[in-house]
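Working through the structure, step by step
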Amino acid sequence: MRKDKKQVIGEEIGDESIRLFLDVEPADATPPSLHKLIKAYRGLRIDDFERFLGFFVEAGYDLDAKDAQGNDFVALIQDQRQAEPYIEAIKAARR
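Heads up: these notes are all about the structure in this document.

Calculation rules
- Residues numbered from 1 in each chain as written.
- Predicted model: local features only at pLDDT ≥ 70, side-chain atom pairs only at ≥ 80, totals over all residues.
- Heavy atoms only, no water.
- Buried < 20%, exposed > 50% of the residue type's maximum accessible area, 1.4 Å probe, protein only.
- Helix = DSSP H or I, 4+ residues; strand = E, 2+ residues; numbered from the N terminus.
- Arc of directions from axis to C-beta.
- Salt bridge = Lys/Arg side-chain N within 4 Å of Asp/Glu carboxyl O.
- Core = buried A, V, L, I, M, F, W, Y, C linked by side-chain atoms within 4.5 Å.
- Contact = heavy atoms within 4.5 Å.

Let's talk about helix α5 (residues 84–94)
When we look at burial in α5, the residues that qualify are Tyr 86, Ile 87, Ala 89 and Ile 90. The buried residues of α5 occupy an angular sector of 160 degrees when projected down its axis, which confines them to one face.

As structure tokens, then:
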């Protein structure tokens with residue numbers, strides 16, 4: 001990193017930036033709801049992901065979307081080291 005570039009860690013992001021994850025569309029046969037969840041998981045910290053889930057549900061997307069192999073979001077990420085809080089957030093949003 002160049003010395004004149006400041007590394008930004010933990011900066012609060014606004015609702016509009018979080019809502020942008022609702023705009024991403026899959027380039028393949030992945031269901032749009034599942035694709036949006038995966039992109040948000042990869043791009044957002046847990047606090048922001050929880051906020052995203054509120055917007056996601058409000059927009060009418062499906063928390064239980066499955067891929068062609070029958071895997072939902074939880075099944076796709078459960079073996080990843082940092083996945084547990086995200087899985088808990090999905091479970092809470094399903095209630």
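This is not the end of the story, as more comes after the structure.
Focus: the pattern of salt bridges
As a working rule, side chains carrying opposite charge can pair if their charged atoms are close by. In total, this model carries eight salt bridges according to the counting rule given. Arg 19 is the salt-bridge partner of Glu 58, the closest N and O atoms lying 3.8 Å from each other. Taken together, the positions of Glu 58 in helix α3 (residues 46–58) and Arg 19 in helix α1 (residues 15–19) put the pair 39 residues apart, joining distant regions of the chain. We classify Glu 58 as exposed; its relative accessible area is 61%. We note a salt bridge from Arg 94 to Asp 72, for which the minimum N-O separation is 3.2 Å. Note that Arg 94 is positioned in helix α5 and Asp 72 in the loop between α3 and α4 (73–77), a separation of 22 residues in sequence. Judged by relative accessible area, which is 32%, Arg 94 ranks as partly exposed. Looking at Asp 72, the relative accessible area reads 15%, which means it is buried. Taken together, the shared-partner salt bridges connect Asp 15, Arg 45, Asp 48 and Arg 51 into one network.

Quick notes on the nonpolar core
Counting 24 residues, the largest nonpolar core has Leu 37, Phe 49, Phe 52, Leu 53, Phe 73 and Ile 90 as the members making the most contacts within it. Looking at this core, the elements with two or more residues in it are α2 (32–43), α3, α4 and α5. Those residues in contact with Ile 90 that lie beyond four places of it in its chain are Leu 37, Phe 49, Leu 53, Leu 63, Phe 73 and Val 74.

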